[in-house]
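Structural characterization, general
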Amino acid sequence: MHLHEIRVYYEDTDAGGIVYYANYLKFLERARTEWLRALGIEQDLLLEQSIGFVVKRVELDYKAAARFNQLLRVESRLSNVKRASLQFEQNIVDQNNKVLVCASVKVACVNLLDMKPLAIPTFILGELSSVR
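From a predicted model like this one, the values you see are computed outputs, not experimental measurements.

1. A look at the packing of aromatic side chains
- Within this structure, the stated rule accounts for 5 aromatic pairs.
- Here tyrosine 10 and phenylalanine 68 contribute two aromatic rings whose centre-to-centre distance is 5.9 Å and whose plane-to-plane angle is 90°, an arrangement assigned as edge-to-face. One end of the pair, tyrosine 10, is in the loop between strand E1 (2-7) and helix H1 (23-38); the other, phenylalanine 68, is in the loop between strand E2 (51-62) and strand E3 (71-81), with 58 residues separating them in the sequence.
- Under the relative-accessibility criterion, phenylalanine 68 is labelled partly exposed at 44%.

2. Thoughts on the nonpolar core
- Residues Phe27, Phe53, Leu86 and Ile92 are the most contacted members of the largest nonpolar core, which totals 31 residues.
- Residue assignment for this core shows that the elements contributing at least two residues are H1, E2, E3, strand E4 (85-93), strand E5 (99-111) and helix H3 (122-129).

3. Focus: the pattern of salt bridges
- Inspection of every chain in the model, using the stated rule, returns 6 salt bridges.
- In this structure, the salt-bridge partner of arginine 32 is glutamate 29, at a minimum N-O distance of 2.5 Å. In this pair, arginine 32 and glutamate 29 are both assigned in helix H1, 3 residues apart and thus about one turn of the helix distant.
- Its relative accessible area of 7% is what places arginine 32 among the buried residues.
- Judged by relative accessible area, which is 35%, glutamate 29 ranks as partly exposed.
- With a shortest N-O distance of 3.1 Å, aspartate 61 and lysine 63 are connected by a salt bridge.
- We classify aspartate 61 as partly exposed; its relative accessible area is 38%.
- Taken together, the shared-partner salt bridges in this structure form one network comprising Glu34, Arg37 and Glu42.

4. What about the side chain of histidine 2?
- With respect to the helices, strands and loops of the structure, histidine 2 is situated in strand E1.
- For histidine 2, a relative accessible area of 14% translates into the label buried.
- Contacts of histidine 2, omitting those with residues within four sequence positions, involve Ala31, Glu34, Trp35, Ala38, Val74, Glu75 and Ser76.

5. Describing a nonpolar patch on the surface
- On the surface, Tyr20, Tyr21 and Tyr62 cluster together into a nonpolar patch covering about 340 Å² of accessible area.
- Considering the arrangement of structural elements, one finds tyrosine 20 in the loop between E1 and H1.
- You can call tyrosine 20 partly exposed: its relative accessible area is 43%.

6. Quick look at the side chain of glutamine 90
- Summarising the element assignment, glutamine 90 is placed in strand E4.
- A polar contact of 3.2 Å, which involves the side chain of glutamine 90, links it to the backbone oxygen of leucine 28.
- Within the local environment of glutamine 90, its side chain forms a polar contact with the side chain of arginine 32, the two groups lying 2.9 Å apart.
- In contact with glutamine 90, other than residues within four places in its own chain, are Leu28, Ala31, Arg32, Val74, Glu75, Ser76, Val101, Cys102, Ala103 and Val105.

7. Description of H1
- Here H1 contains 16 residues, and its C-alpha end-to-end distance of 23 Å stays within 8% of the 22 Å for a straight helix at 1.5 Å per residue.
- Residues of H1 that are buried: Asn23, Tyr24, Phe27, Leu28, Ala31, Arg32, Thr33, Trp35 and Leu36.
- Glycine 40 lies just past H1 and shows a positive phi near 90°.

Reading the values: rules and limits
- Residues numbered from 1 in each chain as written.
- Predicted model: local features only at pLDDT ≥ 70, side-chain atom pairs only at ≥ 80, totals over all residues.
- Heavy atoms only, no water.
- Phe/Tyr/Trp six-rings, centres within 6.5 Å; stacked < 30°, edge-to-face > 60°.
- Helix = DSSP H or I, 4+ residues; strand = E, 2+ residues; numbered from the N terminus.
- Buried < 20%, exposed > 50% of the residue type's maximum accessible area, 1.4 Å probe, protein only.
- Core = buried A, V, L, I, M, F, W, Y, C linked by side-chain atoms within 4.5 Å.
- Salt bridge = Lys/Arg side-chain N within 4 Å of Asp/Glu carboxyl O.
- Contact = heavy atoms within 4.5 Å.
- Patch = residues over 30% accessible without salt bridge, like charges linked within 9 Å, V, L, I, M, F, W, Y side chains within 5 Å.
- Areas by Shrake-Rupley, 256 points an atom, 1.4 Å probe, with all protein chains shown as cover.
- Polar contact = N/O pair within 3.5 Å; in protein donor to acceptor, adjacent residues only side chain to side chain.
- Expected span 1.5 Å × (residues − 1).

Structure representation (structure tokens):
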């Protein structure tokens, strides 16, 4: 499991200091990006090769609200690897270990030139095998 901390900034909230619902998606995305970076997979290098990962499906369950200035932890786990897709299970948790958001996110590997599915490159699969 990969852990990534995120501080809730004022810009993340509505007028009442509650995190705007769509911003949880940004928190989840940042955590997945940092998880790949920790594995040595830099997305800018993939972009140079016209390889990208795009979100195909997201399922979110909002359990409780996060608020301005809270420190949150995003827990990310790879649950399934297919030829051209990855399935992540992610939770956003507060400092008291209360789960605020549960997410299931499927990302597809695509050729960015034609936006068609692409087999996940073997060097990425090799890195991913170390965390499964």
